[in-house]
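# Breakdown of the fold
These are the residues of each chain, in order.
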Amino acid sequence: MIVRTTADGVEVLAPAKLNLFLEILGRRADGYHDLESLMVTVDLFDTLTFADDPSGQITLRCDDASLPTGPENLVVKAAESLRIAAGCRRGAVIELRKSIPAQAGLAGGSSDAAATLTALDLLWNLETPPGLLDALAGRLGSDVAFFRHGPSAVCRGRGEVVEPFPLPGPLTFVLVCPPFGVGTADVYRRLTPPETPRPIGPFLEALASGETRMLGTHLFNRLQPIAESLCPALQKVGDALASVGFHLDGHLMSGSGSAFFGLAPDPDAAQAAATRLATLGLGRVRVVTSRP
Ligand code: C5P
């Protein structure tokens with residue numbers, strides 16, 4: 001995330017994430033799943049601004065009228081959890097401008113929540129210990145803690161145990177966001193964890209090599225076939241990315257979908273693939289980059 005202080009408070013650019021590898025290790029007693037995933041942030045951002053409100057109210061305004069702005073919103077939950085943990089009674093007016101689509105597997109809501117913890121800690125001069133902010137993040141959602149440690153990390157547990165894994169160089173992707181979303185819980189409900197999970201080691205070696213052609217052959221997402229059976233229209237997106245294979249080194253669905261990405265050898269190839277894909281009417285197409 002990119003954080004800056006302004007005359008009015010704090011502004012944060014909250015990035016989207018992609019899962020380049022996602023394996024499920026097993027189902028847990030609490031109903032969640034243990035997983036192993038390599039996640040990267042990309043330069044598709046929601047923008048949040050935070051201004052102090054001496055009245056003590058937490059107010060969220062959002063430019064996307066379809067999103068709730070009450071206590072059920074993860075941004076408001078993050079603000080309240082920080083206030084309780086820090087024993088703080090300050091308020092804030094939070095403006096959220098959405099660019100990251102919802103239910104896309106890009107974790108926009110989780111990134112917004114992580115941004116909120118970091119920004120309000122700064123705005124309210126709380127100096128909360130980083131370990132406590134990580135713990136609050138982990139309780140808010142499985143992907144929230146990652147955004148406090150991006151830009152690239154191996155995530156374990158239910159996603160909240162984050163081990164940074166530096167990229168050897170920038171990676172460029174073409175991102176396709178279909179005009180419909182997929183419910184994460186719906187996908188996990190249909191999942192049967194594999195008896196022999198795929199080890200992440202060979203993927204990490206390919207990532208560390210910086211060879212996109214090799215990396216492309218190691219992209220993996222255990223949730224993809226389940227999301228595709230739940231939502232057959234997704235197969236068309238994968239097929240379209242395969243059909244521009246000449247420009248791309250591999251492609252994959254992110255998280256529990258619905259967004260897909262193609263891994264490009266360089267920015268020109270990504271742009272060529274994006275131009276071609278944009279004519280197919282599959283959804284919004286963008287070139288995005290992950291930087292070390
Ligand atoms: O933690 P988060 O709210 O993002 O998870 C959404 C849903 O996805 C959970 O309610 C759960 O059904 C499923 N999930 C899971 N195992 C994980 C992460 C998410 O079963 N590791």
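Nothing here was measured: the structure is a model prediction, and the numbers come from that model.

So, how was this worked out
- Residues take numbers from 1 onward in each chain, read along the sequence in its written order.
- Selection of residues for local features in this predicted model requires a pLDDT of at least 70, selection of side-chain atom pairs for listing and counting requires 80 or more, and totals for whole chains, interfaces and linings are taken over all residues.
- Side-chain measures were taken over the full set of non-hydrogen atoms in the model, leaving aside hydrogen atoms and water.
- The helix count covers DSSP runs of H or I at least four residues long, the strand count covers runs of E at least two residues long, and both are numbered beginning at the N terminus.
- Helix span is expected to be 1.5 Å times the residue number reduced by one.
- Three labels apply to residues, based on accessible area from a 1.4 Å probe with only protein chains included: buried if under 20% of the type maximum, exposed if over 50%, partly exposed otherwise in between.
- By arc we mean the arc of the directions from the helix axis to the C-beta atoms, nothing more.
- Contact between two residues is taken to exist if any of their heavy atoms lie within 4.5 Å; hydrogens are not considered.
- Polar contacts, as counted here, are pairs of nitrogen or oxygen atoms within 3.5 Å of one another; within protein the pair requires one atom able to donate a hydrogen and one able to accept it, and residues that are adjacent in sequence qualify only if both atoms are side-chain atoms.
- Nearness of a residue to a molecule or strand requires only that one of the residue's heavy atoms be within 4 Å of it.
- Note on areas: Shrake-Rupley, 1.4 Å probe, and residue coverage restricted to the protein chains presented here.
- Method remark: on a 1 Å grid restricted to protein atoms, a set of points is classed as a cavity if a 1.4 Å probe fits but cannot get out and as a pocket if it is open with protein on both sides within 12 Å along at least five of seven lines; lining residues have an atom within 4 Å of a point.
- The rule for placing a molecule in a cavity or pocket is simple: more than half of its atoms must lie within 2 Å of the grid points.
- Three classes are used: nonpolar for Ala, Val, Leu, Ile, Met, Phe, Trp, Tyr, Cys and Pro, charged for Asp, Glu, Lys and Arg, and polar for all others, with Gly counted as polar.
- Throughout, the edges of the domains are those of an automatic or database domain assignment.
- Strands pair, by our definition, only if DSSP identifies at least two bridges between them.
- We call Phe, Tyr and Trp rings a pair once their centres come within 6.5 Å, taking the six-membered ring for Trp, and we label the pair stacked below 30 degrees between planes, edge-to-face above 60, and tilted otherwise.

This part takes up helix α9 (residues 267-278). With 12 residues, α9 ought to run about 16 Å at 1.5 Å a step, and its terminal C-alpha atoms sit 16 Å apart, in line with that. Within the span of α9, buried status applies to Ala-269, Ala-270, Ala-273, Ala-274 and Leu-277. Down the axis of α9, the buried side of the element spans an arc of 135°, and every buried residue falls inside it. Within α9, the exposed residues directed more than 90 degrees away from the buried face are Asp-268 and Ala-278. Here the buried face of α9 lies against β8 (171-177), α8 (233-243), β11 (260-264) and β12 (284-290). Backbone nitrogen of Asp-268 and a side-chain oxygen of the N-cap are separated by 3.0 Å at the start of α9; the cap is Asp-266.

A few words on the side chain of Asp-46. Of note, Asp-46 is situated in strand β3 (residues 33-53). For Asp-46, the side chain forms a polar contact with the main-chain nitrogen of Ser-99, separated by 2.7 Å. Looking at Asp-46, its side chain comes within polar contact range of the main-chain nitrogen of Ile-100, at 2.8 Å. Apart from the residues lying within four places of it in its own chain, the contact partners of Asp-46 are Val-12, Leu-13, Ala-14, Leu-96, Arg-97, Lys-98, Ser-99, Ile-100, Gly-108 and Asp-112.

Attention now goes to the site of the ligand. The immediate surroundings of the ligand are formed by Gly-31, Tyr-32, His-33, Leu-35, Gly-141, Ser-142, Arg-158, Thr-184, Ala-185 and Tyr-188. Measuring from a nitrogen atom of the ligand, one finds a backbone N or O atom of His-33 at 2.7 Å. When the ligand sits alone it has 450 Å² of accessible area, and the protein chains cover 73% of it. Spatially, the ligand is embedded in the largest pocket. If you list the elements that add at least two residues to the shell around the ligand, you get β3 and α4 (184-189). Take the shell around the ligand: its biggest share by element is 3 residues, from α4. Here the shell around the ligand is composed, by residue class, of 4 nonpolar, 5 polar and 1 charged. Among the domains, domain 1 (2-164) and domain 2 (172-289) are the pair contributing at least three residues each to the shell around the ligand.

Counting buried positions over the 7 residues of strand β5 (residues 91-97) gives 5, a clear majority of the element. Here β3 pairs with β5 via 7 bridges, running antiparallel. Considered in β5, the bridge of Asp-53 is made with Gly-91. Pairing geometry for strand β4 (residues 58-62) and β5, over 5 bridges, is parallel. Within β5, the position partnered with Thr-59 by the bridge is Val-93.

Scanning the model with the defined rule gives 4 aromatic pairs in all. Where Phe-21 meets Phe-203, the ring centres are 5.4 Å apart and the plane angle is 40°; that geometry is what we call tilted. Taken together, the residues span a long stretch of sequence, with Phe-21 in strand β2 (residues 10-27) and Phe-203 in helix α5 (residues 201-209) at a distance of 182 residues. Among the residues examined, Phe-203 registers a relative accessible area of 1% and is labelled buried. Seen from their ring centres, Phe-173 and Phe-261 are 5.4 Å apart, and the 85° between their planes marks the pair as edge-to-face. With Phe-173 in strand β8 and Phe-261 in strand β11, this pair connects stretches of sequence that are 88 residues apart.

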